[in-house]
Structures are given as C-alpha cells and as structure tokens.
Amino acid sequence: MLSRSTTLVRALALSLIALGPTVSPALPQSPVTWQASSIPVLVPGSAGDPYALDGSANGGVITAGGPWLLGGTAAAGQPAIFSTSSLITGSRFFPTGPEYPSRLWILGEYLLWGTDGMDVPALVTTSPPGTPRDQAAILGEPGTAILFGAGELNGSTVSGFRVGGGYWITPQQTFAIEGEYFRLGEQDDRFRGGSNGTTIIGRPFFDILAGRETAQLVSFPGVLGGAISVDTESNLQSAMINARAALCPAHGNACNCGRRDRIDWIVGYRFIELKDNLAIHEDLTSLVATAPGTIQVSDQFRTTNRFNGLQLGAVHRANFKRAWLESLLRVALGGNKQTVRISGNTVITEAGVTDSFNGGLLAQRTNIGQWQRSEFVMVPEVGVKLGLRFTKRLHATVGYTALYLPNVVRAGNQIDTDVNPNLIAPEVDPFTGAPRPRFRFVESDYWAHGLTVGGELRF
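This is a predicted model, so every value here is computed, not measured.

Q: An account of the overall build of the chain is requested, with residue identities and associated values reported.
A: Scanning the chain from N- to C-terminus turns up one helix and 21 strands. Taking all 459 residues of the chain together, 42% fall into the buried category. In the chain, 72% of the contacts between residues at least 6 apart in sequence involve partners at least 24 apart. Total accessible area on the chain stands at roughly 22,400 Å², and carbon and sulfur atoms take up 61% of it.

Q: Which residues make up the nonpolar core, and what are the values?
A: Most often, soluble globular proteins have nonpolar side chains that are buried together. By size, the foremost hydrophobic cluster in this structure holds 35 residues, and its most contacted members are L123, V124, L278, F301 and L362. Mapped onto this core, the elements with two or more residues apiece are β6 (118-127), β7 (145-153), β11 (200-207), β12 (212-219), β13 (224-248), β14 (261-286) and β16 (323-350). Ranked by residues supplied to this core, first place goes to β6 with four residues. Contacts of L362, omitting those with residues within four sequence positions, involve L123, R203, F205, D299, F301, N367, I415, D416, T417, V419 and P437. Judged by nonpolar contacts, the second largest core, of 17 residues, contains I272, V379, L403 and V408.

Q: Before we move on, could you go through the layout of surface pockets and cite the residues and values that matter?
A: In this structure, the largest pocket encloses a volume near 550 Å³. In terms of lining residues, the largest pocket is bounded by 26 residues, among which Q216, L217, L224, L284 and I295 are the most central. For the lining of the largest pocket, the elements supplying multiple residues, two or more each, are β12, β14, β15 (294-319) and β16. Partitioned by chemical class, the residues of the lining of the largest pocket number 15 nonpolar, nine polar and two charged.

Q: Describe empty space enclosed by the protein, naming the residues involved and giving the relevant values.
A: Inspection of the entire model under this criterion finds two cavities of 30 Å³ or more. Along its surface, the largest cavity is lined by 33 residues, and W105, R244, R317, E326 and E456 are the ones closest to its centre. Counted by class, the lining of the largest cavity contains nine nonpolar, nine polar and 15 charged residues.

Q: Requested: an account of the side chain of E381, with residues and values cited.
A: On the secondary structure map, E381 appears in strand β18 (residues 369-389). With relative accessibility at 1%, the residue E381 sits in the buried group. Here R270 takes part through its side chain, which lies 2.5 Å from a polar atom of the side chain of E381. If we skip the residues at most four places from it in the chain, E381 touches R162, M240, R270, L328, L329, R330, T401, A402 and L403.

Q: An account of the pattern of salt bridges is needed here, citing residue identities and associated values.
A: Applying the stated criterion to the full structure yields 25 salt bridges. The salt bridge partner of E427 is R365, with a shortest N-O separation of 3.0 Å. Here the residue E427 occupies a position in the loop between β20 (418-419) and β21 (443-458), and R365 occupies one in the loop between β17 (353-358) and β18, the gap between them amounting to 62 residues. The class of R365 is partly exposed, set by a relative accessible area of 42%. What you see here is one network of salt bridges that share partners, running through E109, R162, E180, R270, R330, E381 and K385.

Q: Can you break down the side chain of Q187 residue by residue, with the values?
A: Its location among the elements puts Q187 in strand β10 (residues 187-195). Of note is the side chain of Q187, whose polar atom sits 3.3 Å from the backbone oxygen of N154. In contact with Q187, not counting residues within four places along its chain, are T115, N154, G155, S156, V158, T232, E233, S234 and Y446.

Q: Summarise the pairing of strand β5 (residues 104-115); cite the residues concerned and give the values.
A: Sheet topology places β5 next to strand β8 (residues 157-168); 11 bridges connect them, and they run antiparallel. Within β8, the residue paired with E109 across the bridge is R162. Sheet topology places β5 next to β21; 11 bridges connect them, and they run antiparallel. By the bridge assignment for β21, I106 is matched with L457.

Analysis parameters
- Residues numbered from 1 in each chain as written.
- Predicted model: local features only at pLDDT ≥ 70, side-chain atom pairs only at ≥ 80, totals over all residues.
- Heavy atoms only, no water.
- Helix = DSSP H or I, 4+ residues; strand = E, 2+ residues; numbered from the N terminus.
- Buried < 20%, exposed > 50% of the residue type's maximum accessible area, 1.4 Å probe, protein only.
- Contact = heavy atoms within 4.5 Å.
- Areas by Shrake-Rupley, 256 points an atom, 1.4 Å probe, with all protein chains shown as cover.
- Core = buried A, V, L, I, M, F, W, Y, C linked by side-chain atoms within 4.5 Å.
- 1 Å grid on protein atoms, 1.4 Å probe; cavity = no way out; pocket = protein on both sides within 12 Å on 5 of 7 lines; lining within 4 Å.
- Points joined across faces, edges and corners; volume = space filled by probe spheres on them.
- Nonpolar A, V, L, I, M, F, W, Y, C, P; charged D, E, K, R; others polar.
- Polar contact = N/O pair within 3.5 Å; in protein donor to acceptor, adjacent residues only side chain to side chain.
- Salt bridge = Lys/Arg side-chain N within 4 Å of Asp/Glu carboxyl O.
- Pairing = 2+ DSSP bridges.

In structure tokens:
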C-alpha cells in the first residue's frame, strides 16, 4: 500500500498535467504532442474580399506547440509543415514573396520591330538622253535603269506601342483575365519624279500582243512632260483577351517547377489585321503642238488580312530577388479573311473636252474589282522579357517578341505586269487579244519581330 504522502504527490502531478498552461510555469512541462485535430479551420475572412481566408483565433487555433500549417511557427521553436512561401498576414490568407507581387497589373511598352516588306515589280524606269523612243525606259534595253520598285517595300524597322493589363480574380493568383493591344506605326515608301520632257521617264510592262517588254512614257523630249508619284502604306495591329490559369504553383509542393517559378496556361481570343496600299498616279501634258491635252492615270492596289481565332499558350516566369525572367509561347488558330481591292481610271482632256475611262495601266477592267476569301491558318508568337523591380509596384522591362503570320495577301504581289495594250484608254473597239492584266490571289508569309522596352505597374 502506498503511503499517504506518495498518493498526494501523484495526485498533485496529475492535476498539474491536466491544468496545463493555467498553472504557474514554475514547474517544467512536457511538450504537447501535435494531433490531427490541431489543424486550423480556415473560414471566410474580410467582408470586403469574399475570397480572403482567415486564420485568426476565431477561425480555429492551432494547439499550443503544434506546427504552423502554411509557414512560420505557432510557437517559437516549432517547425513548419511547408517551407515559407505563403504566410497568413493579419487576417487574410495572402500569398507573399516575389512570385506573387500583386493582383492587378498594367503594362506599357515601346516597340522597335522589323517587318517583312511586300515585293513589287519595277514601277518606274528611265533611260539616258538620246535613247530612241522605241527603247526608252524599257526593261532589258541598254542604259535602262529602275528608279522605283523591283524589290521589297515597307520592310524597314518601325516603331510602335503595346499596352495591356490583367487582374487575378482569386487572391491566390490561380485565375486571371488579361488583355493586350499593340500597333506598329505606318510604314511607307514613296517616289516622286517628273520632267518637262528633257528627262526620259516611263512605266514598264510586258506587251502580250507584241510579246516583248515595253513602257508607257511619262516624260520624253518633244512628246510628253509629266510627273509620277507612287505611294505605299503598310499597317499592323493586334488585340487579344485571354483567361489565364495557374499551372504552377497552384498546388504548392505538388508541383515540380520550383518555388521561385510559376507557369500559367492561356486560352482566349485574338485579332490581327495587316493592311497594305499601293497607289500610282500620273499627270501628263502633251508636247505635240498638233495634239494638245492632258492625261491623268491612276492605279491602286489595296489588301487587307483580318485574322480571328482561338489563342492557346503558356507563360513561364522565373523570379529572383530584384528581377524576373518571363518567356511565353502563344499559338492562335483561326481564319484569315483576305480582301483584295483593285481600281484604276484615266481622265483625258483634249480640246476642252474631258472624258473619263475605267482603267489605268496595270489596273484594267480585267482585274478591277474586289475579291475575298478565308483561309485557316496557325499564328505562332514567342517572346522573352526581363523585368527589374524598381519598387514593389513599378517594374522596368526589356524583351524580344517574334510574330509569324502565314498566308497573307500583300498589295505588291497582286500586280500583274502582263498587259494587253488594246485595253489602255481609250480601249480599242472591237477588243482583241487575251484579257490581261488578270487577278489571282498571290500569297506570302509575314514576320514581325523586335525589341520591346517598357514598364509594368502592379497593385
């Protein structure tokens, strides 16, 4: 039988263990073993943010001595279940660290891009003084030089801008809506030429009836004096709206992409528009005393490519202390609506009488009109961007982007230089020979790529 004093000591010891922290800490305590019931209950938090989560005492306290579920410790010296990458801050479950700086972002960038130009045939030629009229300005003849054309136009480096932004709908940054728009400045090449007849200027074409190269004269001694202008324009713009879903780190340590990285999927809608315009205009004055008069000749070729389609992609961002590196791949699948418009006219004033005719030189009734068709295409885009954090909210960026648009129609490619001279105003009646120039869709591929410099604001 235990002594009375031994029984009292054991009873006192059991009472101290049962009371736990309510008893004076003068006596040493055994560590409390963490149980599954110690996991905190996360309940809706701030009424202003229905997505916020609360880990305060009202939402379920971690038993004293138990490990902190999401990082840090519940009591000094206790380990965390997961490495510290997300903390309960105040009463909100708000992911912190460089990979989740904000929920709202706005970007603005300056673009310095190079683009593919459009190919055009020789449009304006000249010959040395003294060249016979039947050789003047004709391709392949001795001394003939090309003044404009026979190469690529509107293919130089051009400036532009890009704006965009997005919002993470969930505070855990697992789902967002984003939008983007960019536009390149107008690219243009121009030519102006003219003479009172002392300089030989012409517009070359292939005479299908004679089966040889020839030229329409703009200026020739004693025959014509005149001026010619060629204007070209190219414009590119794009807009998109996407849903963005986090692949990593949406599932914490279950993802293998690293604690400093994140990968997001992209799905959405994309619009791209590429437009070209090529216009040629002549003002001619007869130098023949027995046949005074003036002639105005115009040709115009316009093309539009409008792409609408589904966009898929992925974005990877690697985060560092003061910088981040982002790479993206986007692929859009859809239809490219091609539109070609060709027009031309000739106005002849003779003896005070003015007549207007449908057709110029390279635009005749045989190819004048509007044509449309749609083709299914795949438009890929790749990019890389380096960001530097000036402040928590302001980041500077520099990067590179490349966009490939296949199966496009360009204005210069739609020019047919094979011409039946019987069509040149006034048209020979009755008309004989093949109906040339003709229209057919001529496609090419288009690249736009270059440097991007800008910044992001994050809130």
